[in-house]
Structures are given as structure tokens and as C-alpha cells.
Amino acid sequence: MSCDAPRTRGSTELLALGLTAVAVLGLDQLSKALVVGALEVGEQASVLGDLVVLWHVQNRGAAFSLFQDASVLFYLVTLVAFGMIAYFHRAFVGRGRWVQVVLGLVLGGTLGNLMDRLRLGYVTDFVSVGIGDLRWPTWNVADASIVVGILALVAYLTLMDPLRREAGA
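All values reported here derive from a predicted model rather than from experimental measurement. (Residues numbered from 1 in each chain as written. Predicted model: local features only at pLDDT ≥ 70, side-chain atom pairs only at ≥ 80, totals over all residues. Heavy atoms only, no water.)

### Some points on the overall build of the chain
The helix and strand tally for the chain stands at 5 helices and 4 strands. Helices and strands appear in the chain in the N-to-C order α-β-β-α-α-β-β-α-α. Buried residues in the chain amount to 34% of all 169 residues. Within the chain, counting contacts between residues at least 6 apart in sequence, those at least 24 apart form 66% of the total. Accessible area of the chain: about 10100 Å², with a carbon and sulfur share of 70%. (Helix = DSSP H or I, 4+ residues; strand = E, 2+ residues; numbered from the N terminus. Buried < 20%, exposed > 50% of the residue type's maximum accessible area, 1.4 Å probe, protein only. Contact = heavy atoms within 4.5 Å. Areas by Shrake-Rupley, 256 points an atom, 1.4 Å probe, with all protein chains shown as cover.)

### So, the packing of aromatic side chains
Enumeration over the complete set of coordinates arrives at 4 aromatic pairs. With centroids separated by 5.4 Å and ring planes inclined at 25°, the aromatic side chains of F88 and F92 adopt a geometry described as stacked. Owing to a relative accessible area of 19%, F88 belongs among the buried residues under this scheme. Put simply, the rings of Y87, F88, F92, W98 and Y156 touch in pairs and so form one group of aromatic residues. In this structure, R117 is placed above the aromatic ring of F74, and the distance from its NZ or CZ to the ring centre is 3.8 Å. (Phe/Tyr/Trp six-rings, centres within 6.5 Å; stacked < 30°, edge-to-face > 60°. Lys NZ or Arg CZ within 6 Å of the ring centre and 35° of its normal.)

### What about the packing of helix α2 (residues 71–91) against helix α3 (residues 97–120)?
It is at 10 Å that the axes of α2 and α3 come closest, and there the two elements cross at 160°. One finds that α2 runs roughly antiparallel with respect to α3. By crossing handedness, the relation of α2 to α3 is classed as left-handed. Side by side, α2 and α3 meet where F74, Y75, T78, A81, F82, I85, F88 and H89 of the first sit next to Q100, L103, V106, L107, T110, L111, L114, R117 and L118 of the second. (Axes fitted to C-alpha atoms, helices over the stretch in contact; angles between N-to-C directions. Parallel < 35°, antiparallel > 145°, perpendicular 65-115°, else oblique. Left-handed = near helix turned anticlockwise from the far one by under 90°.)

### Focus on the pattern of salt bridges
Summed over the entire model, instances satisfying the criterion amount to 4 salt bridges. Beyond isolated ion pairs, a larger network of salt bridges with shared partners links D28, K32, D116 and R119. (Salt bridge = Lys/Arg side-chain N within 4 Å of Asp/Glu carboxyl O.)

### Notes on α3
Compared with an ideal rise of 1.5 Å per residue, which puts 24 residues at 34 Å, α3 spans 34 Å between its outermost C-alpha atoms and is within 8% of the ideal. One or two positions beyond α3, positive phi appears at G121, with a value near 90°. (Expected span 1.5 Å × (residues − 1).)

### Some details on the nonpolar core
Core analysis: the biggest nonpolar cluster contains 12 residues, these being L17, A21, I85, F88, F92, V99, V102, L103, V106, L107, L153 and Y156. Every element with two or more residues in this core is listed here: α1 (5–38), α2, α3 and α4 (141–160). With 5 residues, α3 is the largest single contributor of residues to this core. The residues touching F92, leaving out its near neighbours within four places in the chain, are E13, V99, Q100, L103, L153 and L157. (Core = buried A, V, L, I, M, F, W, Y, C linked by side-chain atoms within 4.5 Å.)

### A short note on the sheet that holds strand β2 (residues 52–59)
Strand order across the open sheet formed by 4 strands is β1-β2-β3-β4, with antiparallel pairing between neighbours. Looking at the sheet topology across the chains shown, the edges are occupied by β1 (44–48) and β4 (134–135). Two strands pair when backbone bridges link them, and strand β3 (residues 123–131) and β4 are joined in this way by 2 bridges, in the antiparallel orientation. Note that in β4 the partner of G130 across the bridge is R135. Lying on the sheet, α3 is in contact with β2 and β3; it crosses β3 at an angle near 125°. (Pairing = 2+ DSSP bridges.)

As C-alpha cells, this is what we get:
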């Protein structure tokens with residue numbers, strides 16, 4: 001193989017990360033725009049009975065509505081997230097595109113919520129799952145992408161990472 005093989009692989013993996021992030025960001029912003037256009041703040045629309053409800057909420061806090069109006073904290077956490085994504089991208093070059101797709105999920109979700117905070121001062125949430133008053137905190141596409149991405153990354157690192165298996169052998 002030529003000396004360009006690792007660079008090409010890294011470029012392909014960076015492309016996978018970037019395309020995933022752009023797709024997540026686009027889906028997140030589109031879904032939020034549709035909800036904002038269809039529902040007033042606080043208004044709800046049933047999707048699957050009481051189990052899944054679209055509920056237009058303006059979240060000025062973090063996950064689970066913690067730390068209301070703590071903008072500086074959100075921006076610091078976002079900077080740390082960007083730094084970690086960059087670190088993991090470089091550390092995982094050569095381990096497969098799907099790992100970069102997982103990082104793209106986290107990056108796209110982080111960008112989606114950051115765009116809301118910068119543009120609006122809050123994040124638009126709209127998916128509410130639960131029964132009656134027993135409900136999971138309302139979330140959006142960006143939140144789901146971040147959670148799925150982080151869980152997949154943890155699963156990879158603890159269960160499937162070839163370098164981890166080699167070290168344990």
C-alpha cells in the first residue's frame with residue numbers, strides 16, 4: 001500500500017463524521033421548525049395516545065431542565081464537548097467509519113442545541129413520552145442523537161474496541 005492509505009482512511013472517516021453531523025443538525029432544526037410552526041408554546045398533540053405526545057416546550061435549562069438560565073455553563077460544556085469529539089475523532093482514526101458516525105451523532109446534536117441557544121436563548125423540545133403525569137423529560141432530535149451517540153461510544157469502548165481486547169489478551 002502507498003503512504004497515502006492512512007490519510008485517505010482518515011479523510012473518509014472525517015467525511016462520515018461530518019455528513020452524519022450535518023444530517024443530524026438538519027433533521028433537528030427541521031423538526032423544531034415544524035413543531036414551532038404547528039404548535040404554540042405549551043400546546044400538545046397526541047401521536048400515540050398518551051404514551052407519545054408532541055409538546056412544544058422552551059427549555060432554558062440543561063437535560064431534565066436542570067440549571068435553568070445558566071448560559072455560561074452551557075457554552076462551557078459545549079466547548080468541552082467539541083474538544084472531546086475532536087480528541088476521539090483523532091484517537092479513533094483507522095477503527096472504522098461507524099465510530100466516526102457515532103461521533104457525528106454527538107456533534108450534530110451538540111450543534112443543534114447550540115444553534116437554538118445562540119439564536120433563541122433556549123432549546124426547543126417537543127417529544128414527551130410517558131403515561132399521565134409520569135413522563136420522561138421532554139426532548140428533541142439533538143438530545144436523542146447525543147444520548148444514542150454517547151451510549152454507542154461507551155458500548156464500543158467497553159465491549160468491542162479491538163485495542164481493548166488486545167490489551168486484555
